[in-house]
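Residue-level structural notes
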Amino acid sequence: MKKNRAFLKWAGGKYPLVDDIKRYLPAGDCLIEPFVGAGSVFLNTDYDAYILADINNDLINLYNIVKTRPDEFIRDARALFTPEFNQSERYYQLREEFNASADVYRRSLLFLYLNRHCYNGLCRYNLSGAFNVPFGRYKKPYFPEDELAWFSEKAQNAQFVCEHYQHTLLKAKKGAVVYCDPPYVPLSATANFTAYHTNNFNLTDQQNLAKLAEKLLAERQVPVLISNHDTALTRDWYSAAALHVVTARRTISSNILQRSKVTELLALYS
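Residues numbered from 1 in each chain as written. Predicted model: local features only at pLDDT ≥ 70, side-chain atom pairs only at ≥ 80, totals over all residues. Heavy atoms only, no water.

**Describing the pattern of salt bridges**
Applying the stated criterion to the full structure yields ten salt bridges. Residue R235 is joined to D230 by a salt bridge in which the shortest nitrogen-to-oxygen separation is 2.8 Å. Taking the relative accessible area as the measure of exposure, R235 reaches 36% and is therefore partly exposed. (Salt bridge = Lys/Arg side-chain N within 4 Å of Asp/Glu carboxyl O. Buried < 20%, exposed > 50% of the residue type's maximum accessible area, 1.4 Å probe, protein only.)

As structure tokens, this is what we get:
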């Protein structure tokens, strides 16, 4: 079966692991994702309803616009994917405009533009909340028209919310299934990707997430699947779950030769 790609590039996106994740995701009426990211799991599963959350309000605003105004959005976004805009000077002008803008629709257009033109498709903000990823220097950035159209169609059964993961998890009722893709625990001190948004997701959050998963299963019979790096720490945190090891190719290094394979854990509370 053909896999559906997300319209955003996303560090740690789950597209390469979709088949593994689907193998372990239980059946249910509604899939809840507290860390939706680019939405690869949502785009490749078939639940009746979805509650998709993220702490990044630019991301959630973009999704709500693509859901409700797809034709207009695709038309306006396409205008930014021309050689004229694929230049360093224009990129930094538009990045500055994005950081200064309070207009949700314009910010959403620019968020997609930045995502496809910035270095490695990273999403990173400085401490004052300004997007600060440099220009990516791609020959011809891809305009994801088909992916946007499919996302919009699929999104009609989804509710997108910007909130803390704990609030999202507490909405889960019996019949729901939860998939958590938190910012991964670093494999080493140098690979610290926890500053994924201005809100750090720290080791306490990692442990709290595991405890919440145990609680949801025990108190509400809601199964939870969590993905993370396979480390001594994660194995300890998820000791109450069934652990499945999968291999994923790292896609974050700019040098293709350094994109090594890394083992990941899928921890299933069911």
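Next, the rest of the story.
**Observations regarding the pairing of strand 1 (residues 30-33)**
The two faces of the sheet receive side chains in turn, since in a regular strand these alternate between them. By the alternation rule, side chains of strand 1 split into C30 and I32 and L31 and E33, which are all buried. Bridging between strand 1 and strand 2 (residues 49-54) involves four bridges; their strand directions are parallel. Its bridge partner being in strand 2, C30 is matched across the sheet by A49. Across three bridges, the pairing between strand 1 and strand 4 (residues 176-180) is parallel. Bridged to C30 within strand 4 is A176. (Helix = DSSP H or I, 4+ residues; strand = E, 2+ residues; numbered from the N terminus. Pairing = 2+ DSSP bridges.)

**With respect to the environment of E153**
Within the secondary structure, E153 is located in helix 7 (residues 145-154). In this structure E153 comes out as exposed when scored by relative accessible area, which is 57%. Sequence separation between E153 and T68 is 85 residues; the distance between their C-alpha atoms is 9.6 Å.

**Observations regarding the packing of aromatic side chains**
Two measures describe an aromatic ring pair: the distance that separates the ring centres and the angle between the ring planes. Throughout the structure, instances matching the rule amount to 21 aromatic pairs. Taken together, a centroid distance of 5.1 Å and an interplanar angle of 80° make the contact between F7 and F151 edge-to-face. Of the two residues, F7 sits in the segment before helix 1 (18-24) while F151 sits in helix 7, which places them 144 residues apart along the sequence. There is no split in this pair, since F7 and F151 are both buried. Residues Y125 and F131 carry aromatic rings whose centres are separated by 5.9 Å and whose planes lie at 90° to one another, so their mutual orientation is edge-to-face. With a relative accessible area of 3%, F131 lands in the buried category. Members of the aromatic cluster, connected to one another through ring pairs, are F7, F42, Y47, Y50, Y63, F151 and F160. Sitting above the plane of the Y15 ring, K3 keeps its charged end 4.4 Å from the centroid. Above the ring of Y15, the side-chain terminus of R5 is found at 3.9 Å from the ring centroid. (Phe/Tyr/Trp six-rings, centres within 6.5 Å; stacked < 30°, edge-to-face > 60°. Lys NZ or Arg CZ within 6 Å of the ring centre and 35° of its normal.)

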